[in-house]
Amino acid sequence: MFVKAGLVTLALILSGLASPTTEGPGIRVPFAKRDGLASKEGWFDHQKALEMIARDHNKHRQNLINLERNLGLGAFNEGASILPGMPYPDPLKKRQAEPLVDENGDEFWAGTISIGTPSKNFFIDFDTGSADLWVPSVDCTSSYCSRKNKYDPAASSSSNRQGGDEFSITYADGSKVSGPVYTDTVTIAGVRVRKQSFSPVDTVSPSFGSEPDDGILGLAFPAISNMKANPFIQSAKWERAIKHAVFGMKLAKLGSELYLGGTDAALYTGAVEGHAVTGSGFWQIAGASVSAKGQAAVSGFQTIVDSGTTLIYGPPHAVAALYAKIPDAQLYDAQNGIYSFPCDASPDVAFAWGGRSWEISAENFNLGRVSLTRCIGAVIGHDLGLGASTWLLGDSFMKNVYTVFSFDDRSVGFATLN
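Residues numbered from 1 in each chain as written. Predicted model: local features only at pLDDT ≥ 70, side-chain atom pairs only at ≥ 80, totals over all residues. Heavy atoms only, no water.

**Section: the overall build of the protein**
Part 1: Per the secondary structure count, the protein includes seven helices and 25 strands.
Part 2: Here the analysis covers contacts within the protein between residues at least 6 apart in sequence; of these, 72% occur between residues at least 24 apart.
Part 3: Working note: accessible area of the protein is about 15600 Å², and carbon and sulfur atoms make up 51% of it. (Helix = DSSP H or I, 4+ residues; strand = E, 2+ residues; numbered from the N terminus. Contact = heavy atoms within 4.5 Å. Areas by Shrake-Rupley, 256 points an atom, 1.4 Å probe, with all protein chains shown as cover.)

Here you go:
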């Protein structure tokens, strides 16, 4: 697969801030973004969308398994349950068992981190919808690891095996990502954590085999950590590498940025509209409503903000109510909750949390054409098991706002992009 030439910037605060929303000096490094679910010609890739739905379903199934183990069922949202795993579409296995050149990958927000002493670089997805860091190990001999950078604990003087602890995620097709748990020095653009927990995995699922990234760095709360470990940002504050356990995200085709330790005031205007986190392990906020064409569709639901997916998910009946407000919207794939709408229409879908409405642009709502006149919407009617009235907002929403995540205040906030 090819990484797009466009650069995304990762910016990190290296000195203390007066408040989590004060701009400070930072370091910027190249940060690559891959293509979305449409071809260069704008056609919707149905197969890749199904693969993304299966991946997201299984990711959050594992999050719920971790949450139950760490905090018990009492931490679940109302109506949440651990659903059966979702098998990956059969063509995925064939594609990923062969060398690929594929420009139409899922959309991730990824950059370089280093691990160990001396340091070794890894290309990592930054994911607000999970809480663990893992990279391939030199002990991974699978073909799925053949093109990855690999961690060798014997080559790092700061490596420390954590007893018999194991990291493991199992998927519906029987594949898994698993390995031992270590601590080592992890550095992102000069911010160094000396004892960060992570897993050098010796088994990699086929669903990750063809991706250009080496692994994932989760940015959610430790309650959904498979390792029961603090994520990098909390560790950085604990070790006083940053003053505030806060980070901001701007996701866009150009000029995107992850800012650790505070927010980059140059990227947004006005105040940040903050909302208290209500979920035990997720960046989850309550009191949401969604509208289309200026007409209210659904209200009073929970939302989880997840940079690890392009899609927006809602309960099937609620998503049907939303598309009912978009003229001539139709079910395109009833089994998977995928809808189409007229390409020349402007759906004007917007989310609100009791303050201003945050609209999704027509470009970000449109996943691609399926005919000369019909396009696919970014909102999918699919039950992830996260709760009876819980939605998940991926980057089709996040690309329209500047998003602020605060461990210190346990809040998520939005601001208007410059």
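**Some details on the state of the cysteines**
By definition, a disulfide links the sulfur atoms of two cysteines through a covalent bond.
Part 1: For the structure on display, the rule yields two disulfides.
Part 2: In this model, Cys343 is linked to Cys375 through a disulfide, with the two sulfur atoms separated by 2.1 Å. Disulfide Cys343-Cys375: torsion about the S-S bond near 105°, hence right-handed. Linking Cys343 in the loop between strand 17 (338-342) and strand 18 (350-352) with Cys375 in strand 21 (residues 374-377), this pair joins segments that are 32 residues apart in sequence. (Disulfide = S-S within 2.5 Å.)

**What to know about the nonpolar core**
Part 1: In this structure, Ile113, Phe232, Phe247, Phe351, Trp391 and Phe397 are the most contacted members of the largest nonpolar core, which totals 94 residues.
Part 2: With seven residues, helix 1 (residues 46-71) is the largest single contributor of residues to this core.
Part 3: Core analysis: the second largest hydrophobic core is formed by 14 residues, Cys140, Cys145, Val181 and Val201 among them. (Core = buried A, V, L, I, M, F, W, Y, C linked by side-chain atoms within 4.5 Å. Buried < 20%, exposed > 50% of the residue type's maximum accessible area, 1.4 Å probe, protein only.)

**Quick word on helix 1**
Part 1: In this model helix 1 runs 37 Å from its N-terminal to its C-terminal C-alpha over 26 residues, within 8% of the 38 Å that 1.5 Å per residue would give.
Part 2: Sitting at the amino-terminal end of helix 1 is Asp45, which places a side-chain oxygen 3.3 Å from the backbone nitrogen of Gln47.
Part 3: Two residues or fewer after helix 1 comes Gly72, characterised by a positive phi angle close to 95°. (Expected span 1.5 Å × (residues − 1). Polar contact = N/O pair within 3.5 Å; in protein donor to acceptor, adjacent residues only side chain to side chain.)

**Description of unusual backbone geometry**
Part 1: That bond from Thr117 to Pro118 is cis: its omega, 0°, falls within 30 degrees of zero.
Part 2: Along the chain, the position of Pro118 falls in the loop between strand 3 (109-115) and strand 4 (120-127).
Part 3: Even without being a glycine, Lys293 presents a positive backbone phi close to 55°.
Part 4: Its place among the elements puts Lys293 in the loop between strand 13 (284-292) and strand 14 (295-305).
Part 5: On the basis of relative accessible area, Lys293 is assigned to the partly exposed category, the value being 37%.
Part 6: Its identity as a non-glycine residue notwithstanding, Arg410 has a phi of 50°, on the positive side.
Part 7: For Arg410, the location among the structural elements is in the loop between strand 24 (402-406) and strand 25 (411-417).

**Structural notes on the packing of aromatic side chains**
Part 1: Under the definition given, this model contains 23 aromatic pairs.
Part 2: Centroid distance Phe44 to Tyr332: 6.4 Å. Interplanar angle 80°. Geometry classified as edge-to-face. Here the residue Phe44 occupies a position in the loop between strand 2 (26-33) and helix 1, and Tyr332 occupies one in strand 16 (residues 330-333), the gap between them amounting to 288 residues.
Part 3: Residue Phe44 is classed as buried on the basis of its relative accessible area, which comes to 10%.
Part 4: On the accessibility criterion, Tyr332 (37% relative accessible area) is partly exposed.
Part 5: Sitting over the ring of Trp358, Arg356 keeps its end group 4.1 Å from the ring centre.
Part 6: Looking at Arg410, its charged tip hangs above the ring of Phe221, at a distance of 4.7 Å from the centre. (Phe/Tyr/Trp six-rings, centres within 6.5 Å; stacked < 30°, edge-to-face > 60°. Lys NZ or Arg CZ within 6 Å of the ring centre and 35° of its normal.)

**A short note on empty space enclosed by the protein**
Once rolled over the atoms, a probe with the size of a water molecule shows which space is left empty.
Part 1: Scanning the model with the defined rule gives six cavities of 30 Å³ or more in all.
Part 2: Of the volumes computed, that of the largest cavity is approximately 310 Å³.
Part 3: Lining the largest cavity are 24 residues; nearest its centre among them are Lys59, Asp127, Ser130, Trp134 and Ile216.
Part 4: Counting only elements with at least two residues in the lining of the largest cavity, the list comes to helix 1, strand 4 and strand 6 (160-170).
Part 5: The leading source of residues in the lining of the largest cavity is helix 1, at five residues.
Part 6: Taken together, the residues that form the lining of the largest cavity break down as 12 nonpolar, seven polar and five charged. (1 Å grid on protein atoms, 1.4 Å probe; cavity = no way out; pocket = protein on both sides within 12 Å on 5 of 7 lines; lining within 4 Å. Points joined across faces, edges and corners; volume = space filled by probe spheres on them. Nonpolar A, V, L, I, M, F, W, Y, C, P; charged D, E, K, R; others polar.)

**Overview of helix 5 (residues 316-323)**
Part 1: Along helix 5, the residues classified as buried are Ala318, Val319, Leu322 and Tyr323. Buried residues of helix 5, viewed axially, fall in a sector of 140°; they line one side. (Arc of directions from axis to C-beta.)

**Side note on the sheet that holds strand 23 (residues 390-393)**
The strands making up a sheet are joined through hydrogen bonds of the backbone, oriented either antiparallel or parallel.
Part 1: If you trace the seven strands from one edge of the open sheet to the other, you get 19-18-13-14-23-15-22, paired in mixed fashion. In the strand order of this sheet, the two ends are held by strand 19 (357-359) and strand 22 (379-381), each with one partner. Direction aside, the axes of adjacent strands within the sheet are offset by 35° on average.
Part 2: Set on the sheet, helix 5 makes contact with strand 13, strand 14, strand 15 (312-314), strand 22 and strand 23; between it and strand 22 the angle comes to about 135°. (Pairing = 2+ DSSP bridges. Axes fitted to C-alpha atoms, helices over the stretch in contact; angles between N-to-C directions.)

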